[in-house]
Amino acid sequence: MATIFTKIIKKEIPSDIVYQDDQVTAFRDIRPATPVHILIVPNKEIPTVNDITPEDEPLIGHMFTVAKKVAEQEGVAESGYRLLLNCNRDANQEVFHLHMHLFGGRQLGPMIVRK
Ligand code: DGP
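This write-up is about the structure you can find in this document.

How each quantity is defined
- Residues numbered from 1 in each chain as written.
- Predicted model: local features only at pLDDT ≥ 70, side-chain atom pairs only at ≥ 80, totals over all residues.
- Heavy atoms only, no water.
- Near = heavy atom within 4 Å.
- Polar contact = N/O pair within 3.5 Å; in protein donor to acceptor, adjacent residues only side chain to side chain.
- Areas by Shrake-Rupley, 256 points an atom, 1.4 Å probe, with all protein chains shown as cover.
- Helix = DSSP H or I, 4+ residues; strand = E, 2+ residues; numbered from the N terminus.
- Salt bridge = Lys/Arg side-chain N within 4 Å of Asp/Glu carboxyl O.
- Buried < 20%, exposed > 50% of the residue type's maximum accessible area, 1.4 Å probe, protein only.
- Phe/Tyr/Trp six-rings, centres within 6.5 Å; stacked < 30°, edge-to-face > 60°.
- Pairing = 2+ DSSP bridges.
- Axes fitted to C-alpha atoms, helices over the stretch in contact; angles between N-to-C directions.

### Regarding the site of the ligand
Argument step 1. In the neighbourhood of the ligand, 16 residues make up the surrounding shell, with D29, N86, E94, H99 and H101 lying closest.
Argument step 2. The contact in question runs from an oxygen atom of the ligand to an N or O atom on the backbone of E94, over 2.7 Å.
Argument step 3. Here H99 contributes a side-chain N or O atom positioned 2.8 Å from an oxygen atom of the ligand.
Argument step 4. Protein contacts shield 88% of the accessible area of the ligand, which totals 510 Å² for the unbound molecule.
Argument step 5. Every element with two or more residues in the shell around the ligand is listed here: α1 (4-9) and β2 (24-28).
Argument step 6. For the shell around the ligand, the element with the highest residue contribution is α1, accounting for 3 residues.

See below:
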C-alpha cells in the first residue's frame, strides 16, 4: 500500500511542496516544530534507514544536495539548520517512508534532551 508520502509525491493529496525532481520531493511538515520545518523524501519508497541499500547511495547523497538547496531557498543556510532522520520505535518514527527533517528559523538548542 502506498505511504501517505507517496500520495503527497504523486499529488494525490494536498501539501506544500517546496522542491521536486525525479528522485526527491521536499514539502512542509503538517505539524511544524520550528518556523522552517521541511521533509525531504525520496520518491522511491524506502521504509526506514535500515532498508537503505548500497544502490541507494547516490539517492541518499542527492537528499543532502536538495537539503542544502532548500535551506538556501528558505533563507536559513547562513543562520543554520538541523537535519534529522528518525528510525523505528525508539526514535518515534511515525511515517514509514524515509524522510529527512530540515529544522530552522530559530535557535534550535541542544540536539537531544539528556536524561
Ligand atoms: P517522523 O516522526 O520522523 O516519522 O515524522 C513524521 C512527520 O511527518 C511528522 O513531523 C508529521 C509529518 N506528517 C505526517 N503526515 C503528514 C502529512 O500528511 N502531510 C505532511 N505535510 N506532513 C505529515
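Next comes the rest of the account.
### Some thoughts on the pattern of salt bridges
Argument step 1. With the rule as written, the count across this model stands at 4 salt bridges.
Argument step 2. A salt bridge links R28 to E74, with the shortest nitrogen-to-oxygen separation between them at 3.1 Å. One end of the pair, R28, is in strand β2; the other, E74, is in the loop between α2 (57-73) and β4 (81-84), and 46 residues separate them in sequence.
Argument step 3. Using a relative accessible area of 32% as the deciding quantity, one classes R28 as partly exposed.
Argument step 4. One network of salt bridges, in which partners are shared, links D16, R28 and E74.

### Some points on the packing of aromatic side chains
Argument step 1. Following the criterion strictly, the structure yields 1 aromatic pair and no others.
Argument step 2. Judged by centre distance (5.3 Å) and plane angle (70°), the rings of F5 and F27 are edge-to-face. Here F27 lies in strand β2 and F5 lies in helix α1, a separation of 22 residues in the sequence.
Argument step 3. Classification of F27 as buried rests on a relative accessible area of 2%.

### Considerations on the sheet that holds β2
Working definition: the strands of a sheet are paired by backbone hydrogen bonds and lie parallel or antiparallel to each other.
Argument step 1. The strand order across the open sheet formed by 5 strands is β1-β2-β3-β5-β4, and the pairing between neighbours is antiparallel. Looking at strand neighbours, the two that pair on one side only are β1 (17-20) and β4, the edges of this open sheet. Between one strand axis and the next, the sheet turns through 15° on average, direction left out of account.
Argument step 2. The sheet contact formed by β1 and β2 spans 3 bridges and is antiparallel. For I17, the partnering residue across the bridge sits in β2 and is F27.

### Points about the pairing of strand β5 (residues 100-104)
Argument step 1. The buried fraction of β5 is high, at 5 of 5 residues.
Argument step 2. Here β5 shows no split at all, with M100, L102 and G104 on one side and H101 and F103 on the other all buried.
Argument step 3. Pairing analysis gives 5 bridges linking strand β3 (residues 36-42) to β5, with the strands arranged antiparallel. Bridge pairing in β5 links I38 to L102.
Argument step 4. Pairing analysis gives 4 bridges linking β4 to β5, with the strands arranged antiparallel. Residue pairing in the sheet places Y81 in a bridge with G104 of β5.

That's the geometry; what it means functionally is another story.
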